[in-house]
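Listed here are the chains, written in short residue letters.
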Amino acid sequence: VQVVESGGGLVQPGDSLTLSCDASGLTFSAYAMGWFRQAPGKEREFVARISWGGGTTYYGDSVKGRFTISRDNAKKTVYLQMNSLKPDDTAVYYCAADYDPYDTWSRRVEMASYDYWGQGTQVTVSS
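This write-up is about the structure you can find in this document.

About the cut-offs
Residues numbered from 1 in each chain as written. Predicted model: local features only at pLDDT ≥ 70, side-chain atom pairs only at ≥ 80, totals over all residues. Heavy atoms only, no water. Helix = DSSP H or I, 4+ residues; strand = E, 2+ residues; numbered from the N terminus. Rg over C-alpha atoms; globule rule 2.2 N^0.38 Å. Buried < 20%, exposed > 50% of the residue type's maximum accessible area, 1.4 Å probe, protein only. Contact = heavy atoms within 4.5 Å. Areas by Shrake-Rupley, 256 points an atom, 1.4 Å probe, with all protein chains shown as cover. Lys, Arg positive; Asp, Glu negative; His and termini not counted. Charge placed at Lys NZ, Arg CZ, Asp CG, Glu CD. Core = buried A, V, L, I, M, F, W, Y, C linked by side-chain atoms within 4.5 Å. Pairing = 2+ DSSP bridges.

Summing up its helical and strand segments, the protein chain has zero helices and eleven strands in all. Each helix and strand of the protein chain, placed in order from N terminus to C terminus, yields the pattern β-β-β-β-β-β-β-β-β-β-β. By the compact-globule yardstick of 14 Å for 127 residues, the protein chain fits well, its C-alpha radius of gyration being 13 Å. Overall size of the protein chain, expressed as C-alpha extent along the three principal axes, is 40 × 25 × 25 Å. Each of the 127 residues in the protein chain was classed as buried or not, and the buried ones make up 42%. Considering only residue pairs separated by 6 or more positions, the protein chain has 60% of its internal contacts joining residues 24 or more positions apart. Entry remark: accessible area of the protein chain is about 6,400 Å², with carbon and sulfur atoms responsible for 46%. Averaging the coordinates of the 12 positive side-chain charges in the protein chain and doing the same for the 14 negative ones gives two points 2 Å apart.

See below:
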């Protein structure tokens, strides 16, 4: 199984950025997908989650209303659209897969519940 994030970079406050996560080697449509982030010196935190079919999404409080998670099962890709970026959004962003074919755990945020992880992509928000 491979989970690979891309799309990170350096942006200015107020800018937008879209991250992508490509998954292979798994039955993508049986997995909910999540985004997490880790800022320097801080613990990794939950950002967003989307159910296997895309019908259910859940967000962390710090990004609600600014970030949007979506997925394309045909492409085995999940996206994180980030708007109105702030310096506090600076972090390494990780994509993760959680086996949940019946959409049982729509609000699962515990990292230990996610089966596969990518290596992360750096997002830096700075003027």
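To continue, consider the environment of Glu110. Within the fold, Glu110 resides in the loop between β9 (91-99) and β10 (116-117). Through-space distance from the C-alpha of Glu110 to that of Pro13 is 29 Å; in sequence the pair is 97 residues apart.

The next point concerns the nonpolar core. Grouped together as the largest cluster of nonpolar side chains are 30 residues, with contacts concentrated most on Met33, Trp35, Leu80, Met82 and Tyr93. Elements with a contribution of two residues or more to this core: β3 (17-24), β4 (31-38), β5 (45-50), β7 (67-72), β8 (77-82), β9 and β11 (121-125). Sequence-distant contacts of Tyr93, defined by excluding residues within four places in its chain, comprise Glu5, Leu19, Trp35, Phe36, Arg37, Val47, Phe67, Leu80, Met82, Gly120, Thr121 and Val123.

A few words on unusual backbone geometry. Notably, Lys76 is not glycine yet its phi reads approximately 55°, a positive angle. Non-glycine residue Ser84 carries a positive phi angle of around 50°. One can find Ser84 in the loop between β8 and β9.

With that settled, the discussion passes to the pairing of β11. Covered by surrounding structure in β11 are Thr121, Val123 and Val125 only, the residues Gln122 and Thr124 on the alternate face being uncovered. When strand β2 (residues 9-11) meets β11, the two strands line up parallel, connected through three bridges. Residue pairing for β11: Val11 is matched across the bridge by Val125. Bridge count for β9 against β11 is three bridges, and the pairing is antiparallel. Residue pairing across strands places Ala91 opposite Val123, the latter belonging to β11.

Coordinates in, geometry out; function isn't part of it.
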